[in-house]
Each structure stands twice: as C-alpha cells, then as structure tokens.
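Chain residues, written in single-letter form:
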Amino acid sequence: MAGNAYNGDMDPELAALLGTAGSDNSPLPDFNDLFGEKNKDDFADISSASGGDVDITASGFPAVTKRLEEKGHSFFNDPNYYKTALSNEGDIAQRVHNILQKYLTAKDPKDRSVFRQQFISPFWEFLFGIGRKSTSKLAPSKKYLLRFGILHPTFLNAETRDFFSKIIDDNVLEQPVHYMDEWLYAVGTSKMRPSSTDEVKIAKGNTQSKLQSLLEKAQGKFDGARVLLRSKDKERDEIEKILRDRLSAIYERTPLNEYSEVSDCFTEGQKMSITEIQNLLKALLKNDHELGLSIRDFIGAQADVEILADKLANEGGAVAVDIGAIDTELDTIRQMAKMTIGRQGNHFPVLTAEYFHSVPNEVATRENIIAMLARIESIDAEAFCRVYKSRLNRIAPFVLLIPTYGDMGFCWEPFDRYNRATSRGRIIIPMYPRNLYLAVLTAVADLRWQVAKEKASFYWMEEGLTGHYYQWFQSLKLKGDIKEYFIRDYILWMTKEAEGIQKLDKDVRGTFWRHMPFTREVKERLRNRSFVYQELYQRDMNRAMSDGY
C-alpha cells in the first residue's frame, strides 16, 4: 500500500471516482439413537466480540483479578451434550461419528493411528457447518466445541470438566482477545474484517468490484481518522486537567509572617507550576491545531464512505463473493492451526484426557492471555506500539485463541491492509501448548518483526530493528530463516537478558536495547547487575542529553 495513504491525501482512484481533487470415558451410543428427535435444548447467549475500536490513549492491559468463576456451569454434565453437538449438521456429522467410534473401539495401535488420521479432515468439514451458524445463537455444545474443542465431555476427567466449566464466558475486560466462536461471529456480522491472508474473491472488471474495493479503502481511512480524532480529544482533556491543577496550586496564598495582611511570594513549587502552565498552554494550542486537522480528515473520510456506499447501493449492492466470509476465515484458521502445531505435532482436533496435560495457568484462557500480554509489556515497553505522525501509539493486537495442541503462536497480519495507522495487528495462540508463555512470546516476537519490517518497507534490510539485525545476520554468514533466528533471540531477550543473564551476541543485545527497549524499571535494575548493561544504560543517557535518542 502506498506510503501516503494516511497523510491526509485522497486515494487517486477514489478521487477520480468521486470527481474531486485531493478417562472415565463412556461408550458412544449408536448414531440412529442419537438423532431420533429434534434438539430441544436451550441456546446460550453468544459473547459479543468487543475490542474492535482502538483506544490509543490506553497505557496498558487491565489487571486480571479474576481468572475463573467460583461456580461452574452444568453444560458438561448434560447427557445429551454429544447428541446436541452433532445434531442438524447433515451427513458429515454421521461420518464424524462413525470414524470416531472406530477410533475409540480399535484395539490395534496401527488401526487407531489410521482412524485418528482419517478423523481430522471430516471433523474440520463438520466444524465449517457449525461455523456458518456462529452469527446466531449456538447451542452450548456447539459453542464449546468451537471454543475449546470439547466434542464429548466424558473424553475428559471430572476435574478437567469442572475447570472448563468455570472459564469466564464473556469478555468482561473488553480486550481484543477472542475465542474462535466469538471471532467467527465478529467476521460473519461484519464487526471485524476477514483476515487478509486469504481474501474473499470478487469478480474482476466490473463497477461493483471496483466500488467495493474503494469502499474498503475509504472505510479503513475513516476508521483511522475516527481513532485519531478521539485520541486528540482525550489528549485535550488530559492537558486541561493538569492545567486546572497547576492553576489551583498558584492560587494558594501564605500570609507573610511579619505582616499577615499581605501574602508571601510564590513558593518554588508555585514558580515551577507557572513555568509548566506556559508549556501546557503551548501544548493546548498545538493540540487544538491538530484537533482541527483531525476533524477535517474525519469529516472528509466519513463523506467518502457515505458517497461510495450510496454508489454501491445504486449498482445493486455489495459484490457477490465466491466463498462466504466465514468459510474463508475458517479455511484460514485451519491453515494457521496447522502452523501452530508444526508437521511433527499432534493434529488431533478434539480435546481428550489422553492429550490434555496442561495445568489451569497454562491453558490459553482469555484471562491468562491478558495477564501474559501485560507481563510482556512490563518488560518490553513498546511491544504493542507503532509510530504514526511522529507519535508512538499503543495498539494492542487482536488475539485469536484456537483449541489446538500447538506450541507456537505467530502473527499473520501486522495491521489492516487499509488502515496502517491505527488498526490492530492479529496474532494467533494455541490453547493447549506445553509452555503457554513461550507460545505467547513467539507470537509477540513475530508481530514485532513484521511491524518493524513493514515500517522500514523497501529498506528493511538497512534501517531500524530489522536492518540492524539483518546486517548482523549477514556478517556472521548465518543460514536459514532470519525471522526464526530473531524469534529465538527475542525469547532469550525476554526470558534471560531481562533477568541479567547474558545469552545474546553483543551486537544483537545492543540492537535490541536500542530498538526494543526494556521498561525503565527493568533498565534501572539491570544497570546494577553488570558493566555490560551499565554501558548500554549510559548510552541512553548520552543520547538523551544530545537530543538524538
């Protein structure tokens, strides 16, 4: 995407179009016994996918004070859970059931291995059917199948079932961390754009497809303008609040000891407040100018969206797609699920006691992930920050939690292709890894690399974080995927170097210290640990004094 897409200039195509310039397992019952009557169970309310709007004034993640409910729900004790999960899903449900029965009853390990492998593809096809229904209320069994991979509760022991029943359902912390059912709901109801890795195909060479593409670009620009406008308004409120506090401070009077009818001179603190008030007034004027520009951009972007939406409606509405958004998203998720696991990993898509060995704090629940992201941010100060218009904005990524036995998280989209300024990146994290913190770290490292690479654009091998790391990589004549090396080094940076244990090459440590700085608290602690960190800390001081940092 062109670099000037968010500097206030109108997209040339858009301007031309608008005419403007600018193990207690119980045996499975027979399939015919399962579906003799219609499912009459109550439906559960689906959690809304919140966290779409970005608040770039937020300084961090909220504290996680509650990770589980005190009392769990009873859905996993329902004897009809499995029956409800498979009901109304057509022939594919019967195929899934038949293969699963063969897998569970096979005595020969080789036969079990064959049936286990045969089960995977039909099961994903079965999930597609459930996924298409995710925009409406799902029965609890279908919801928890998408969310946790729980097909039959008795595949888990009582203790594990009790744990999963206590996982908090709703996004009470209102963070952009979503389970798979919530993610599909958001995509299917257009609350979230589909992933751009496998874009929905549209017919080429007609007015509708062109209008649809331009509308998406205009919507991306409008989203960015809206976030920046809200940010400037909040910034003004903060400046005014500090200004009122400083004004109140200078109004305080202390009577003169020798002559009580007269007040004494300003104190040193009051004099400092007066100086600060002068700076605050300048900041307020600067904010007002930027707010005016943001209002102009917001109004212009809103008008562009409305005009294009009207033109598209006149042309007969949205472009017909070859594949539904949810199907496309699920296909993307399936490929990403494979990537979290790797070729040699366990690709079995159902949660069972045989493969589930995680303790509660090592399961990727929403609350555990938010706590780990906060932990990462307490070490890597700018882990979720991007620079826009010379301002460092904190933009937490969307996080998709998928029920796989993978060990690696990763980033598949550093930001929205139509809104590079304020859109969220997207990372995916497996729910049942051997080490959850490492899975989250690999995802954040991947996000870090991709954001830095996109920022440097054509000069990614020369400038910034990726440029310096690439030059070190080349100087040692290393072979292999440079991003994999970076991710391994980032994990060492966060787990060893942050504790004062020197594991990285000197040049890599210097690059990371400069371009991925630790928080002030970590730096202060490390400077007293060894001469190596003290020297890096002193370089920071020297750059700050010369205004070159």
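Residues numbered from 1 in each chain as written. Predicted model: local features only at pLDDT ≥ 70, side-chain atom pairs only at ≥ 80, totals over all residues. Heavy atoms only, no water.

1. Comments concerning the confidence of the model for the chain
Here comes step 1: Model confidence for the chain is summarised by a mean pLDDT of 85, while 85% of its residues fall at 70 or above.
Here comes step 2: Low pLDDT (under 50) marks residues 1-10, which in the prediction has 23 contacts with non-local residues, meaning those over four places away or in another chain.
Here comes step 3: For the stretch residues 17-23, pLDDT sits under 50, and the model shows 17 contacts to residues farther than four places along the chain or on other chains. (pLDDT = per-residue confidence, 0-100. Contact = heavy atoms within 4.5 Å.)

2. Concerning the side chain of Ser358
Here comes step 1: Mapped onto the elements of the fold, Ser358 is located in the loop between helix 11 (325-341) and helix 12 (366-377).
Here comes step 2: In this structure Ser358 comes out as buried when scored by relative accessible area, which is 17%.
Here comes step 3: Those residues in contact with Ser358 that sit more than four places away from it in its chain are Val363, Tyr432 and Pro433. (Helix = DSSP H or I, 4+ residues; strand = E, 2+ residues; numbered from the N terminus. Buried < 20%, exposed > 50% of the residue type's maximum accessible area, 1.4 Å probe, protein only.)

3. A few points about the pattern of salt bridges
Here comes step 1: One pass over the structure, following the stated rule, counts 29 salt bridges.
Here comes step 2: Note that Arg296 and Asp297 form a salt bridge whose closest N and O atoms lie 3.2 Å from each other.
Here comes step 3: Using a relative accessible area of 52% as the deciding quantity, one classes Arg296 as exposed.
Here comes step 4: For Asp297, a relative accessible area of 22% puts it in the partly exposed group.
Here comes step 5: Between Glu524 and Arg527 there is a salt bridge whose closest N-O contact spans 3.3 Å. Placement of both Glu524 and Arg527 in helix 17 (residues 520-527) is noted, with a separation of three residues, approximately one turn of the helix. (Salt bridge = Lys/Arg side-chain N within 4 Å of Asp/Glu carboxyl O.)

4. Comments concerning the packing of aromatic side chains
What characterises a pair of aromatic rings is the spacing of the ring centres plus the angle enclosed by the ring planes.
Here comes step 1: Enumeration according to the criterion identifies 35 aromatic pairs in this entry.
Here comes step 2: With centroids separated by 5.8 Å and ring planes inclined at 5°, the aromatic side chains of Tyr144 and Phe148 adopt a geometry described as stacked. On the criterion of helical spacing, the pair formed by Tyr144 and Phe148 is a turn pair, its members being four residues apart in helix 6 (residues 140-148).
Here comes step 3: Note on Phe356 and Tyr432: the rings are 5.5 Å apart at their centroids and 90° apart in plane angle, and the pair reads as edge-to-face. With a gap of 76 residues between them, Phe356 in the loop between helix 11 and helix 12 and Tyr432 in the loop between strand 6 (426-430) and helix 13 (436-456) connect regions that are remote in the sequence. (Phe/Tyr/Trp six-rings, centres within 6.5 Å; stacked < 30°, edge-to-face > 60°.)

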